[in-house]
Number of protein chains: 2
Amino acid sequence: MASSRGVRHDSMRARNLAVVLGEIRDAGPLTRAALAERTGLTKTTVSKLVSDLLDAGVVAENGAVRDGERGRPGVAVRLSGHRVATLGLEINVDYLAVCVVDLTLSVRLRRTKAAGNRDSRPERILAELRSLAESALMEAEAAGLRVAGAALAVPGPVEHGLLRNAPHLGWRDVRVTDLLDLPLEAAGPEARNFQAGNSEAAGFEAVGFEAVGFEAGNFEADNEANLAALGELWFGSGARDFLYVSGEIGIGAGLVVDGSVFRGTYGLAGELGHVVVAPDGPACRCGGRGCLEVYAGQDALLGEVGSIPELVARLEAGDPAALGACDTAGRALGLALTSAVHLLDPGMVVLGGVFAPLFPWLEGPARETLSARLGQMRRTPPRLAVSAIGADAAILGAAGLVIQRVFADPARALGL
Amino acid sequence: MASSRGVRHDSMRARNLAVVLGEIRDAGPLTRAALAERTGLTKTTVSKLVSDLLDAGVVAENGAVRDGERGRPGVAVRLSGHRVATLGLEINVDYLAVCVVDLTLSVRLRRTKAAGNRDSRPERILAELRSLAESALMEAEAAGLRVAGAALAVPGPVEHGLLRNAPHLGWRDVRVTDLLDLPLEAAGPEARNFQAGNSEAAGFEAVGFEAVGFEAGNFEADNEANLAALGELWFGSGARDFLYVSGEIGIGAGLVVDGSVFRGTYGLAGELGHVVVAPDGPACRCGGRGCLEVYAGQDALLGEVGSIPELVARLEAGDPAALGACDTAGRALGLALTSAVHLLDPGMVVLGGVFAPLFPWLEGPARETLSARLGQMRRTPPRLAVSAIGADAAILGAAGLVIQRVFADPARALGL
DNA sequence: GGATTATGTGCAGATTGTGGACTTAATGGT
DNA sequence: ACCATTAAGTCCACAATCTGCACATAATCC
C-alpha cells in the first residue's frame, strides 16, 4: 500500500548530510579531513556538506587544530547549539512541564507547573500546557533559537498520536497533539515532505530509528515511560541498552536497545506494573491479581505515609513498617524483573521515578531475588542501577527525541 | 567506532533495485509503468533496473497484460524462483533438518534425519549436518538453482554467530557457523562488501531489517524459536505481528513486530520458559522456582507418557491424568503469557511445536487465564492461535531469512 | 629558509536519475 | 477499414551528486 519509494540524488545528499553531522556529534570536533576518512566520502564532498551545515548554523568551526604534527593544521568542526532547539512537554497527574533543549543536548530552559490534573477535562489541561509552551517558545525565539519540533510525554500508552488510556487523568482516546496545536513552523521552509511526489527522502530516514508513533509533522506524543527511558539514554549515564523502570503512580518501563526504544506492536510494550508476581495475590485495579503494582506501586509503598520524602525520612529513622514495605516491594520488583529479563533481555536495569530515592532500600531485595531466579540462564544478571536524572527524565527524553529526528534527516528538518 | 559510512551512486542504485524488487514481490506481477508510479521513479529508471533484474534471473516477464483498457498493454514482471534459492538448516535434540527455498518462497527440497544428539560432540553432529547440507546443495545446483546463502537454527541463544548455551545438546560457546564451514559462494562475484573502502552499500541495507546476529558473509545462525517465528511469518497464516511460542523440550518464544524479530540486547529475548508463574513453585533446572517450563515443558506434559502422539491419544480417550496435566500447563501458559503480553505487546499469540497438537486442550485454560488477568488493560486480549506450519517452522524461517537478505540488498546478493 | 607533510578547494569526469520526445501497440468510433 | 486516442516502454539530452587528482595553503622539521 504505502509501497517504499525510490531514492534520488537529493536523498543521497540528505543521507550524507546526516552521516557527516552524526559523525561530528558522535566523535567530537573533527576536521574535514578526519570526517572524510571516517565516512569514506572524499574531502571534496565533505567540504561541501560541512559548508551547508555551517550555513544552517548546526555546526561551527572550532579554530585551527594545533596538534604539533607536521603539515597544514585542519580546522575542527563541532556541533553548535545556538541556532536549533526543540521543545519537550509533559502532562502528568500532578504537574505540567516544559523544556527547551538545543542540538548539543544542553538544556536551555525548564519550567514546571504544579497542577491537580486528576480527572480534569483534556481541553483545560491542554490549554494550560499550551500557554506554558508558548511562553517557552517565545523565550527560545528571543534567544535566537529556531524550535524545530516538539514532543509530549503523557501518562499512558499512545498509538499514532492518540492517547489511548490515561487511567489517573481519567482520559480515553484523546488526540493530544491535535488538541494542543502548537504554533510550530512546518518541517522545512517549504514543508518538503508534504509536497506530492516529493517525499523520496523518507526512504532513508528510518535508518536506525523506529518510525512507529512518529506522526507526520514535527509534533508527536508518547508514553511517559518510553520518553523517560530516552531521557536516561541521552542525559543519563551513557548506557545504550537498558530497561528504564519508571515508578510513578503506576509502574511503567521503557526498553532501550542499541539506542532506540522498543514499543511493541501497538506501543503498549513495557507495562511492567502488571506483570504477574503472585498468581493468587491481592486484586489489582487492572482486573488481575498479584500484579507488581499491588506490591510496589506508590500506594503500596506509601501505605499511610503522606509522601515519598516522608517515607524516606521514616526509612532513614528505621521505621519497621516502612522498611517492610520496601522489602516487599523490592522482592516483588525482583520477581517482575526476572520475567522481564527473560522476555526483553535488557543490557541493564535502571530504576527511576519514585524508585530512585528509595533505591538504597529496594536494591538489596530486588537484586537478591533477581540473581537467585536467573540462576544458570545468564553468566551474570543484568546490573541494577539508579537513574542519574531526576523527575525531568520524560521532558528531556521528549526534547531529545526531536533532536534525534533532526540528526536523522537534517536536510528535511533544516530545509537544506 | 564503526562510524556510519557515506553513500554513493552505487548505493542509490542498490537501494532502488531493492525497492523495485520488493515492490514486485509485494504487489504481485506489475508492469514497468505501474512500478514507476508506485516507486516514484521514472519509467526510464525502472526499465533499466528491471532489465538488470531480468538478467539476474530473479524476475521474469509474464506476457502482455490484456486488461481491456485502451492503449498499449504493458508487460507484467513477476518474481521468478528458478534461479536463486537459499538453504535452511536445523540442529535439534532429536533430528537434523535441511531445506532449500527459492525466491518465491516455494520449498524446493526438504530432508530430515533422525538423530540422538543429546550430549554429543559438536564436531560429529556438525559433520553429519554438513553431509546432509552438501547433498542438498548438489541437488539444488542440479536443478539450476544458485544458493545465495544459508542460515542455521539451533536450540539455544546465539550471539554474533556463537551458540552460547544449548542445555539439551550439552553445548556451550560453540562457533557453529565456522565449524559447519559450508561450501557457499562469496556474497557477490567479487565479494563486494569485503573490499576495503567499498562497503558503502551497507549504509542502506539495514532499512527495515534488524542486522543483529547477521555475521559478515552469507551464513548465519540463530535461536530455533526466533527462526521458527520467522517461518510462521513467511510460511504461516500471513500475520505480521505475533509472539510465536515454541514448545520443544524447553519453551522459547520469538516476537515478530512488523515483520521482523525482536532479539533484545544480547539475542536472549523471548525466554518464555523461565517467566515466573508461581514465585514459590517447584524448583526448575535453571535455578529458579515455579518457571513456566516446570508446568508446561515437555517433561511436565508427558509425565510417564512416552510421546506426544501417545499423549494426544490419551487426551482423546479422556484420561484424567493427561487432561489434568494439560489443564495445569494451559493455565501456567496463560499466566506466563499475561506477563509476556504486558511486556512485549504482541499482536497475537501463535502456539507452535508440541503445543500445536495439544492446542485443543491448552487453548481453553490458557485463554481463560489470559483474558481474566489482562482485564481492563486492553480492549481485547490478543488472539490465541495454533501454528499453521508444523515441525518445519525453523528450517523454513532460516531459509526465508536469507531470502530476506537477498531482497534487502539484491545488488550485493546477486552481484549486480 | 627550503623541504616535507597534511588540509582544504577547484575542476574535469563518472554514475545515476529526470523529463520530455518518440516509438509501439492496443482500443474504439466512424 | 481507418484513423484518433491512449498508454507502455525506450531514447537522448540534461541535471545532481560524488570521485579523483591537481593545486594552493599553512603548518613543522632540519
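Residues numbered from 1 in each chain as written. Chains lettered and ligands numbered in written order. Predicted model: local features only at pLDDT ≥ 70, side-chain atom pairs only at ≥ 80, totals over all residues. Heavy atoms only, no water.

### Let's talk about the protein's contact with DNA strand D
B:His9, B:Lys43, B:Ser47, B:Gly71 and B:Val75 are the nearest of the 31 residues found near DNA strand D. A:His9 places a polar side-chain atom, nitrogen or oxygen, 3.2 Å from a base nitrogen of DNA strand D. Within the contact set of DNA strand D, a base oxygen lies 3.2 Å away from a backbone nitrogen or oxygen of B:Gly71. Within the residue set of the surface near DNA strand D, elements represented by two or more residues are helix 1 (9-26) and helix 3 (43-56) of chain A together with helix 2 (32-39) and helix 3 (43-56) of chain B. With 5 residues, helix 1 of chain A is the largest single contributor of residues to the surface near DNA strand D. Partitioned by chemical class, the residues of the surface near DNA strand D number 6 nonpolar, 14 polar and 11 charged. (Near = heavy atom within 4 Å. Polar contact = N/O pair within 3.5 Å; in protein donor to acceptor, adjacent residues only side chain to side chain. Helix = DSSP H or I, 4+ residues; strand = E, 2+ residues; numbered from the N terminus. Nonpolar A, V, L, I, M, F, W, Y, C, P; charged D, E, K, R; others polar.)

### Re the interface of chain A and chain B
The interface is formed by 67 residues belonging to chain A together with 67 residues belonging to chain B. Taken together, the links from chain A to chain B amount to 2 salt bridges. On inspection of chain A and its partner chain B, the count reaches 31 residue pairs in polar contact (both at pLDDT 80 or more). Elements with a contribution of two residues or more to the side of chain A that touches chain B: helix 1, helix 2 (32-39), strand 10 (171-174), helix 6 (202-205), strand 13 (251-257), helix 11 (320-344) and helix 12 (355-374) of chain A. It is helix 11 of chain A that contributes the most residues to the side of chain A that touches chain B, 7 residues altogether. Grouping the constituent residues of the side of chain A that touches chain B by class yields 27 nonpolar, 21 polar and 19 charged. (Contact = heavy atoms within 4.5 Å. Salt bridge = Lys/Arg side-chain N within 4 Å of Asp/Glu carboxyl O.)

### Comments concerning the domain arrangement of chain A
All names here are of chain A. Under the domain assignment, chain A is made up of domain 1 (9-79), domain 2 (84-193 + 205-227 + 394-414) and domain 3 (238-388). In this complex, domain 2 contributes 16 residues to the contact, which on the side of domain 3 involves 15 residues. Interface area, domain 2 with domain 3, both sides summed: about 1400 Å², of which 48% is carbon and sulfur. Run the count over domain 2 and domain 3 and you get 1 salt bridge. Among the salt bridges present, the one from Arg263 reaches Asp222, with a minimum N-O distance of 2.7 Å. For the pair domain 2 and domain 3, the number of links is 3 residue pairs in polar contact (both at pLDDT 80 or more). Among the elements of the structure, strand 8 (158-159) and helix 7 (224-235) are those that each provide at least two residues to the side of domain 2 that touches domain 3. When residues of the side of domain 2 that touches domain 3 are assigned to their parent elements, the largest contribution, 3 residues, is made by helix 7. Taken together, the residues of the side of domain 2 that touches domain 3 break down into 6 nonpolar, 5 polar and 5 charged. (Domains from an automatic or database assignment. Buried area = accessible area lost by both parts, 1.4 Å probe.)

### With respect to unusual backbone geometry
Residue and element names in this part refer to chain A. Phi is positive for Asp173, which is not a glycine, with a value near 50°. By the secondary structure assignment, Asp173 is in strand 10. Phi is positive for Asp258, close to 50°, though the residue is something other than glycine.

### With respect to the protein's contact with DNA strand C
Within the structure, DNA strand C sits among 29 residues, and A:His9, A:Ser47, A:Gly71, A:Arg72 and A:Val75 are positioned closest to it. Considering DNA strand C, the proportion of its atoms within 4 Å of the protein that are sugar or phosphate atoms stands at 69%. One nitrogen or oxygen atom from the main chain of A:Gly71 is found 3.3 Å from a base oxygen belonging to DNA strand C. Within the contact set of DNA strand C, a base oxygen lies 3.2 Å away from a side-chain nitrogen or oxygen of B:Arg72. Looking at the surface near DNA strand C, the elements that each hand over two or more residues are helix 2 and helix 3 of chain A together with helix 1 (9-26) and helix 3 of chain B. Looking at side-chain class alone, the surface near DNA strand C contains 5 nonpolar, 13 polar and 11 charged residues.

### Let's talk about the pairing of strand 3 (residues 75-79) of chain A
Every other side chain in a regular strand lies on the same face of the sheet, so the side chains alternate between the two faces. Residues and elements named next belong to chain A. The pairing of strand 1 (residues 30-31) with strand 3 spans 2 bridges and is classified as antiparallel. Residue Leu30 lies in a different strand from strand 3, and its bridge partner there is Val77. Two strands pair when backbone bridges link them, and strand 2 (residues 59-64) and strand 3 are joined in this way by 4 bridges, in the antiparallel orientation. Within strand 3, the position partnered with Glu61 by the bridge is Val77. (Pairing = 2+ DSSP bridges.)

### Comments concerning the side chain of A:Glu220
With respect to the element layout, A:Glu220 can be found in strand 11 (residues 219-223). For A:Glu220, the side chain forms a polar contact with the side chain of A:Arg405, separated by 2.9 Å.

### Topic: the packing of helix 1 of chain B against helix 2 of chain B
Residues and elements named next belong to chain B. Packing of helix 1 against helix 2 leaves a shortest axis separation of 10 Å and a crossing angle of 115°. By the criterion of interaxial angle, the relationship of helix 1 to helix 2 is roughly perpendicular. Relative to helix 2, helix 1 is oriented so that their crossing is right-handed. Across the interface between the two elements, Val19, Val20, Glu23 and Ile24 from helix 1 touch Leu35, Arg38 and Thr39 from helix 2. Of the residues assigned to the contact of helix 1 with helix 2, the class counts are 4 nonpolar, 1 polar and 2 charged. (Axes fitted to C-alpha atoms, helices over the stretch in contact; angles between N-to-C directions. Parallel < 35°, antiparallel > 145°, perpendicular 65-115°, else oblique. Left-handed = near helix turned anticlockwise from the far one by under 90°.)

### As for the sheet that holds strand 12 (residues 242-247) of chain B
Picture the strands of a sheet paired through backbone hydrogen bonds; they go either parallel or antiparallel. Residues and elements named next belong to chain B. Reading across the sheet, the 5 strands line up as 14-13-12-15-16 and stay open at both edges, with mixed pairing between neighbours. Edge strands, defined here as strands with exactly one partner in the open sheet, are strand 14 (260-262) and strand 16 (383-386). Each strand axis lies, on average, 30° off the axis of its neighbour in the sheet, ignoring direction. Judged from the 5 bridges that link them, strand 12 and strand 15 (residues 348-353) form a sheet pairing that is parallel. Its bridge partner being in strand 15, Val245 is matched across the sheet by Leu351.

### Side note on the environment of B:His82
Residue and element names in this part refer to chain B. Considering the arrangement of structural elements, one finds His82 in the loop between strand 3 (75-79) and strand 4 (84-91). For the pair His82 and Ala143, spaced 61 residues apart in sequence, the C-alpha to C-alpha distance is 8.4 Å. His82 has contacts with Arg108, Gly144 and Leu145, leaving out every residue within four places of it along the chain.

### Description of the relation of the copies chain A and chain B
With an RMSD of 0.1 Å, the operation that places chain A on chain B is a rotation of 180° combined with a shift of 0.0 Å along the axis. Between the two chains, the operation in question is that of a two-fold axis. Both copies share a contact surface, since 100% of the interface residues of chain A are interface residues in chain B too. (Least-squares fit on C-alpha atoms with pLDDT ≥ 70 in both.)

### Re the environment of A:Asp102
All names here are of chain A. Among the secondary structure elements, Asp102 is positioned in strand 5 (residues 95-102). Separated by 15 residues in the primary sequence, Asp102 and Leu87 place their C-alpha atoms 8.9 Å from one another. Within the local environment of Asp102, its side chain forms a polar contact with the side chain of Thr104, the two groups lying 2.7 Å apart.

### A few points about the sheet that holds strand 10 (residues 171-174) of chain B
All names here are of chain B. Spatially, 8-9-10 is the arrangement adopted by the 3 strands of the open sheet, whose pairing is antiparallel. The sheet terminates laterally at strand 8 (158-159) and strand 10, the two strands that pair on one side only. When strand 9 (residues 162-166) meets strand 10, the two strands line up antiparallel, connected through 3 bridges. Residue Asn165 lies in a different strand from strand 10, and its bridge partner there is Arg172.

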